[in-house]
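The primary structure of each chain is shown beneath.
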Amino acid sequence: KQDLEEAEFVCSAKRQKLSEAETELEKHREEVEKKLPVVRRRVENVHAKEKARLEKELAELQEEYQYEKGELESEMATKQAKLQEELDTKLDAMRAELYAKIAGRREEVAADLSEREKQLQAELHEIEEAEEQLRKEEEANIAEVDARTEQRRQAAREKADLRLAK
């Protein structure tokens, strides 16, 4: 029940935060919508010459970028192929070493597990014997308590009979 209350509290807090975030988002959207017409007017007021000059520079930069990008991609492909080859070689060596270590460790673990299993079997046997002894003692104690209870009942009955007889 406490977990449910805590979960409800957390949900309530998250709903509150969500509501606050939605309010902030709405305020931000309204601010953006207010600024949008101003920005549009500024963009429309840019001179055609400036726009044409910028478009020409952009085209030149894009052309230069594509050329340099092609050269870099070619260099990267060459380097990547070389690195991949080196990496594959190293990984193969590491795998072989790791498999050897794993095989050795498996043998150690198998031996340890075998020994531990023997120990646990011996402990289990001891625990079962102790449980059996405790069960016998408990049965004896229960029988003793039952006998005492019966004696007390009998004594109480005799006492009650004596009182009734008086």
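Because the structure is a prediction, the values reported are computed rather than measured.

What counts, and at which threshold
- Residues numbered from 1 in each chain as written.
- Predicted model: local features only at pLDDT ≥ 70, side-chain atom pairs only at ≥ 80, totals over all residues.
- Heavy atoms only, no water.
- Helix = DSSP H or I, 4+ residues; strand = E, 2+ residues; numbered from the N terminus.
- Buried < 20%, exposed > 50% of the residue type's maximum accessible area, 1.4 Å probe, protein only.
- Areas by Shrake-Rupley, 256 points an atom, 1.4 Å probe, with all protein chains shown as cover.
- Lys, Arg positive; Asp, Glu negative; His and termini not counted.
- Charge placed at Lys NZ, Arg CZ, Asp CG, Glu CD.
- Salt bridge = Lys/Arg side-chain N within 4 Å of Asp/Glu carboxyl O.
- Polar contact = N/O pair within 3.5 Å; in protein donor to acceptor, adjacent residues only side chain to side chain.

*Asks:* Looking at this structure, how should I read the overall build of the protein?
*Replies:* A count of helices and strands for the protein gives 2 helices and 0 strands. For the protein, the spread of C-alpha atoms along the principal axes amounts to about 130 × 60 × 5 Å. Out of the 166 residues in the protein, the part that is buried amounts to 0%. In the form shown here, the protein has an accessible surface area of approximately 16,100 Å², with 56% of it arising from carbon and sulfur atoms. Distance between charge centres in the protein, computed from 34 positive and 46 negative side chains, equals 7 Å.

*Asks:* Would you mind showing me how to read the pattern of salt bridges here?
*Replies:* In total, this model carries 12 salt bridges according to the counting rule given. Here Arg 29 and Glu 33 are joined by a salt bridge, their closest N and O atoms 2.4 Å apart. Taken together, the positions of Arg 29 and Glu 33, both in helix H1 (residues 2-44) and 4 residues apart, correspond to about one turn of that helix. According to the relative accessible area criterion, Glu 33 is partly exposed, its value standing at 45%. One salt bridge connects Glu 123 with Arg 116, and the closest N-O pair in it is separated by 4.0 Å. Glu 123 gets classed as partly exposed once you look at its relative accessible area, which sits at 37%. Take Arg 116: its relative accessible area is 40%, and that puts it in the partly exposed class. Each of Glu 26, Arg 29 and Glu 33 takes part in a single network of salt bridges with overlapping partners.

*Asks:* I keep staring at the environment of Glu 57 and nothing clicks. Help me out?
*Replies:* Within the secondary structure, Glu 57 is located in helix H2 (residues 48-165). Glu 57 gets classed as partly exposed once you look at its relative accessible area, which sits at 35%. Note: C-alpha distance between Glu 57 and Ala 130 (73 residues apart in sequence) is 92 Å. Of the polar contacts made by the side chain of Glu 57, one reaches the side chain of Arg 53; its length is 2.3 Å.

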